[in-house]
Amino acid sequence: MKRKIMQALLSWKNKLNRQPLILNGARQVGKTYILKMFGQEQFGNVAYFNLEHNLMARELFDGTLEAKVIIQNFEVLLHESIDACSTLIILDEIQSCPRALTALKEFSENAPQYHVVAAGSLLGVAINREHYSFPVGKVDELTLYPMDFEEFLWAMNEERLSGLIREHYTSDEPMIKTLHERALELYRQYLIVGGMPAAVAQFTSTGSYLAVADVQQRVLDDYTADMAKYADASSAVRIRACYHSIPAQLAKENHKFQYKVVQRGGSATIFGEAIEWLKYAGVVLKCNKITEGNIPVAAYVDLSDFKLYMSDVGLLTLRSGMPNSMILSPLHENNTFLGAIAENYVAQALVAKGFHLYYWKSNNSAEVDFIVQQDSQVVPLEVKSGKNTRSRSLNVYCARYKSQLAYRFSQKNFGFENGIKSVPLYAVFCIGDR
């Protein structure tokens, strides 16, 4: 399946000052698949090593970390030569081998001619909990997220529709009604299927939501297994409790994360570390509150007030138990939890575009779902799951900070009025594009 990160990988390959690359991302987002495809398309040969499952490959890093020796050992293990120009070396699940992580510095300093890529699902967890030595300044980094809605459209053979959506986003001209309704139909499907590549592949081949749910449940089971494998027993219990509470957190009128929802008497002292684990594992998205809509946004963060979203909207839909029929039918567009699902979808799309997640709240009287910083502008984004877009919070924010531009995401067509850009929910992937 076509992924946007392929262009970034190609740019890395052609960099003059290229360093070993670390591809971050949660488990099951397609890191191994995309790296192997990149190797097949752009290199003559791929030298692949899974450091979690291949004990012999892991033991190669027990001795000297001299790049020349490591390459020789790789060649012995593979029974083939490794050419610096035409071979892509993939070190998968590198969090399982701390010395392999250290070896990336050696390749950066003494063997930069080799194309070395490392991938790690729990690398952030390992670095922060196991105190792994990270080669700061000696590696390039990219992050792969679940497939966004545009990539889903590509997988569904709807590339022309995605191109048309981009044109209308730029012009603010409404889409033809039939195409607008088709895009909304696909958007609703995406809320169920989500962006996990295996789930998308299952849906494109079978069209079965039941088959998709089976794939998603396996992903959730893998996440739960990781919580037990990469944390001690007591921490794993807290991590699971926080993760499983997310649908309940988002079902509240106030989506702010509350520790008491996880457990009566819960506090940051008890669950703070668990939330950090989930964040570093890439399975949740953290959205911090800001108190002022000024540049720079990060300077006005209230670290005690935040929301948590799941990294994939399809997993949220499954975990919440929301009936597919209610998501697919326009008759239920104003259901309260559909608002939470739409908000999670937008959060996922913004992170995939490289935005940090913030929201604004003013003395509990007004709240804007998301705030993004684009160059010298602070732009408020409001999310509505249906066609009813009435809200005073966005107007309060715009009046207070004299915002020249604001976005409102809903099921309404494209348009622009009174400084508010109306963007259909299916077009969130266009945000940030010039």
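Above this text sits the structure in question.
It should be emphasised that the depicted structure is a prediction, and the values quoted were computed from it without experimental measurement. (Residues numbered from 1 in each chain as written. Predicted model: local features only at pLDDT ≥ 70, side-chain atom pairs only at ≥ 80, totals over all residues. Heavy atoms only, no water.)

Enquirer: How do you make sense of the overall build of the protein when you look at a structure like this?
Expert: Along the protein, the regular secondary structure elements total 19 helices and 14 strands. Its C-alpha radius of gyration of 23 Å places the protein within 12% of the 22 Å reference for a compact globule of 434 residues. When burial is assessed residue by residue, the protein has 55% of its 434 residues classed as buried. The long-range fraction of contacts in the protein, counting pairs at least 24 apart against all pairs at least 6 apart in sequence, stands at 69%. Placing the 45 positive and 45 negative side-chain charges of the protein at their respective mean positions leaves the two points 6 Å apart. (Helix = DSSP H or I, 4+ residues; strand = E, 2+ residues; numbered from the N terminus. Rg over C-alpha atoms; globule rule 2.2 N^0.38 Å. Buried < 20%, exposed > 50% of the residue type's maximum accessible area, 1.4 Å probe, protein only. Contact = heavy atoms within 4.5 Å. Lys, Arg positive; Asp, Glu negative; His and termini not counted. Charge placed at Lys NZ, Arg CZ, Asp CG, Glu CD.)

Enquirer: When you look at the packing of aromatic side chains in this model, what are you seeing that I'm missing?
Expert: Each aromatic ring pair is described using two quantities: the centre-to-centre distance and the angle formed by the ring planes. Per the counting criterion, the structure on display carries 22 aromatic pairs. An angle of 75° between the planes, with centres 5.9 Å apart, marks the rings of tyrosine 190 and tyrosine 345 as edge-to-face. Linking tyrosine 190 in helix α9 (residues 177-193) with tyrosine 345 in helix α18 (residues 336-352), this pair joins segments that are 155 residues apart in sequence. Taken individually, tyrosine 190 and tyrosine 345 each receive the classification buried, so the pair is uniform in this respect. The structure contains a cluster of three or more aromatic residues connected by ring pairs, namely Phe149, Phe152, Tyr187, Tyr190, Phe203, Tyr209, Tyr345 and Phe429. (Phe/Tyr/Trp six-rings, centres within 6.5 Å; stacked < 30°, edge-to-face > 60°.)

Enquirer: How should I be thinking about the pattern of salt bridges in this particular structure?
Expert: For side chains of opposite charge, pairing can occur when their charged atoms come near one another. If you walk through the whole model with that rule in mind, you get 20 salt bridges. Aspartate 305 is the salt-bridge partner of lysine 289, the closest N and O atoms lying 3.8 Å from each other. Here lysine 289, found in strand β6 (residues 284-290), pairs with aspartate 305, found in strand β7 (residues 301-310); they are 16 residues apart in sequence, far enough to count as distant. Bridged by salt links that share partners, the residues Lys4, Asp148, Glu150 and Arg166 form one connected network. (Salt bridge = Lys/Arg side-chain N within 4 Å of Asp/Glu carboxyl O.)

Enquirer: What is the right way to look at the environment of lysine 252 in this model?
Expert: The residue lysine 252 is located in the loop between α13 (246-251) and α14 (259-262) in this model. A relative accessible area of 18% means that lysine 252 is categorised as buried. Placed 171 residues apart in sequence, lysine 252 and valine 423 show a C-alpha to C-alpha distance of 25 Å. Each residue touching lysine 252, except ones within four places of it in the same chain, is listed here: Gln258 and Val261. Engagement of the side chain of lysine 252 in a polar contact is seen with the backbone oxygen of glutamine 249, the distance being 3.3 Å. (Polar contact = N/O pair within 3.5 Å; in protein donor to acceptor, adjacent residues only side chain to side chain.)

Enquirer: I'm lost on helix α12 (residues 233-244) in this one. Help?
Expert: Because the α-helix completes a turn every 3.6 residues, residues three or four places apart line up on one side. Taking 1.5 Å per residue as the helical rise, α12 with its 12 residues ought to reach 16 Å, and the 17 Å between its terminal C-alpha atoms agrees with that figure. Buried within α12 are the following residues: Ser235, Ala236, Ile239, Cys242 and Tyr243. Across the axial projection of α12, the buried residues extend over an arc of 130°, all falling on one side. (Expected span 1.5 Å × (residues − 1). Arc of directions from axis to C-beta.)

Enquirer: I tried to follow the nonpolar core on my own but got confused; where do I start?
Expert: Counting 108 residues, the largest nonpolar core has Ile165 and Tyr243 as the members making the most contacts within it. Counting 29 residues, the second largest nonpolar core, distinct from the first, contains Leu51, Phe61, Cys97 and Ala118. (Core = buried A, V, L, I, M, F, W, Y, C linked by side-chain atoms within 4.5 Å.)

Enquirer: Got a minute to help me understand the packing of helix α11 (residues 209-229) against helix α16 (residues 313-320) in this structure?
Expert: When two helices pack together, their arrangement is given by the angle between the helix axes and by the axis-to-axis distance. Relative orientation of the contacting elements α11 and α16 amounts to 95°, with a least axis distance of 10 Å. In terms of their interaxial angle, α11 and α16 are classed as roughly perpendicular. Of α16, the residues touching α11 (which contributes Ala213, Gln216, Gln217, Val219, Leu220 and Tyr223) are Gly314, Leu315, Leu318 and Arg319. Class assignment for the residues of the contact of α11 with α16 results in six nonpolar, three polar and one charged. (Axes fitted to C-alpha atoms, helices over the stretch in contact; angles between N-to-C directions. Parallel < 35°, antiparallel > 145°, perpendicular 65-115°, else oblique. Nonpolar A, V, L, I, M, F, W, Y, C, P; charged D, E, K, R; others polar.)

Enquirer: Whenever I open this one, the sheet that holds β7 confuses me. Can you help?
Expert: Hydrogen bonding along the main chain pairs the strands of a sheet, whether they run parallel or antiparallel. Taken together, the four strands give an open sheet; going across it, the order is β7-β6-β8-β9, and neighbouring strands pair in mixed fashion. Every other strand in the sheet has two partners, leaving β7 and β9 (366-368) as the edge strands with one partner each. Pairs of neighbouring strands in the sheet enclose a mean axial angle of 25°, with direction left out of account. With three bridges connecting them, strand β8 (residues 358-362) and β9 associate as antiparallel partners. Bridge pairing in β9 links lysine 361 to glutamate 367. (Pairing = 2+ DSSP bridges.)

Enquirer: What's the story with the packing of α16 against α18 in this structure? I'm lost.
Expert: Running from N to C, α16 and α18 point in directions that differ by 155°, and their axes come no closer than 9 Å. In terms of orientation, α16 and α18 fall into the roughly antiparallel class. Considering how the two elements wind past one another, α16 and α18 form a crossing that is right-handed. Taken together, the residues of α18 that come into contact with α16 (itself represented by Val313, Leu316, Thr317 and Ser320) are Phe337, Ala340, Ile341, Asn344, Tyr345 and Gln348. Per-class residue counts for the contact of α16 with α18 are six nonpolar, four polar and no charged. (Left-handed = near helix turned anticlockwise from the far one by under 90°.)

Enquirer: It is not clear to me how the pairing of strand β14 (residues 420-424) should be interpreted in this structure. Could you clarify?
Expert: Within a regular beta strand, the side chains point alternately toward one face of the sheet and then the other, so they alternate between its two faces. Across the five residues of β14, five count as buried, placing the element largely inside the fold. Where strand β13 (residues 415-417) meets β14, three bridges bridge the pair, whose relative direction is antiparallel. Opposite glycine 415, over in β14, you have serine 422 as the bridge partner. Counting the residues between successive antiparallel strands, the hairpin from β13 to β14 contains two residues, one of them, asparagine 418, with a positive phi of roughly 55°.

Enquirer: What am I meant to see in unusual backbone geometry here?
Expert: Across residues other than glycine, the phi torsion is negative in most instances, and most of the peptide bonds are trans. Here the amide bond leading from isoleucine 295 into proline 296 is cis, since omega sits at -10°, within 30 degrees of zero. One non-glycine residue with positive phi stands out, namely glutamine 28, at about 75°. Considering the arrangement of structural elements, one finds glutamine 28 in the loop between β1 (21-24) and α2 (31-42). You can call glutamine 28 partly exposed: its relative accessible area is 36%.

Enquirer: Would you explain the state of the cysteines in this entry?
Expert: Per the counting criterion, the structure on display carries zero disulfides. Not part of a disulfide, cysteine 242 finds its nearest cysteine sulfur in cysteine 287, a span of 17 Å. In this structure cysteine 242 comes out as buried when scored by relative accessible area, which is 0%. For cysteine 287, a relative accessible area of 0% corresponds to the buried category. (Disulfide = S-S within 2.5 Å.)

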